[in-house]
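Understanding the architecture of this molecule
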Amino acid sequence: MSQREAVFPANRHALYQVHRYSAAIRSGDLLFVSGQVGSREDGSPEPVFEDQVRRAFANLRAVLAAAGCTLDDVVDVTTFHTDPASQIETVMAVRTEEIGGPPYPNWTAVGVNWLAGFDFEIKVIARIPALH
């Protein structure tokens, strides 16, 4: 049985401590990344929605990098949206820039009514590349 190992980016933001969670957990060759939001280093949200989505992806990339991964290693994505109908075009535009072309990871989008002051959250599962 693999032990779980907490993974944090170098410039971890205040939300990890405030809400008592790990940025990610490594278990074997899998990385389970907690939901990343568009938070600044002090934990406050980016006020402009598109900037919040971009910051969430930047925070996600930092967590992945801390485990030796990139977005190319992501196999499963779940996103949470406070107003999917009005947000989806912006999210899709940023997602296309960040994730690129096929093969795409699995993706589930969920409409929610609360994200602790944020409007978008992304969580992923990635396969950690083997060290050569």
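The protein has the name RidA family protein in an unreviewed UniProt entry, where Bradyrhizobium agreste is given as its organism.

Side note on helix H3 (residues 84-99)
Taking 1.5 Å per residue as the helical rise, H3 with its 16 residues ought to reach 22 Å, whereas the 19 Å between its terminal C-alpha atoms falls clearly short. Roughly 25° is the biggest bend found in H3, and it falls at Thr 90. Gln 87, Val 91, Val 94, Arg 95 and Ile 99 are the residues of H3 that are buried. Remark: Gly 100 follows H3 within two positions and exhibits a positive phi of approximately 80°.

What about the sheet that holds strand E2 (residues 24-27)?
Ordered by their spatial adjacency, 6 strands build an open sheet running E1-E2-E3-E6-E4-E5, and the pairing between neighbours is mixed. Since the sheet does not close on itself, it has two edges, and those belong to strand E1 (5-7) and strand E5 (106-111), each with one partner. The mean inter-strand angle of the sheet, taken between neighbouring strand axes irrespective of direction, is 15°. Pairing of strand E4 (residues 74-81) with strand E6 (residues 120-127), which is carried by 7 bridges, proceeds in the antiparallel orientation. Looking at E6, one finds that Val 77 is bridged to Val 124.

A short note on the pairing of E4
E4 sits mainly inside the fold: 6 of its 8 residues count as buried. Two elements, E4 and E5, share 6 bridges in a ladder whose sense is parallel. Opposite Asp 76, over in E5, you have Asn 106 as the bridge partner. In this region the chain leaves E4, passes through H3 and returns to the parallel neighbour E5; the handedness of that crossover is right-handed.

Quick word on the pattern of salt bridges
Charged atoms that come close allow side chains of opposite charge to pair. This structure, assessed with the given rule, holds 7 salt bridges. Between Arg 26 and Glu 5 there is a salt bridge; the shortest N-O distance is 3.4 Å. Taken together, the residues span a long stretch of sequence, with Arg 26 in strand E2 and Glu 5 in strand E1 at a distance of 21 residues. In this structure Glu 5 comes out as partly exposed when scored by relative accessible area, which is 42%. Via salt bridges that share partners, Arg 40, Glu 46 and Arg 55 belong to a single interconnected network.

A word on the pairing of E6
Two strands pair when backbone bridges link them, and strand E3 (residues 30-37) and E6 are joined in this way by 6 bridges, in the antiparallel orientation. Across the sheet, residue Gln 36 finds its bridge partner in E6, namely Ile 122.

About the criteria used
Residues numbered from 1 in each chain as written. Predicted model: local features only at pLDDT ≥ 70, side-chain atom pairs only at ≥ 80, totals over all residues. Heavy atoms only, no water. Helix = DSSP H or I, 4+ residues; strand = E, 2+ residues; numbered from the N terminus. Expected span 1.5 Å × (residues − 1). Bend = angle between axes of the 7 residues up to and from the residue. Buried < 20%, exposed > 50% of the residue type's maximum accessible area, 1.4 Å probe, protein only. Pairing = 2+ DSSP bridges. Axes fitted to C-alpha atoms, helices over the stretch in contact; angles between N-to-C directions. Right-handed = clockwise from strand over helix to strand, strands pointing away. Salt bridge = Lys/Arg side-chain N within 4 Å of Asp/Glu carboxyl O.

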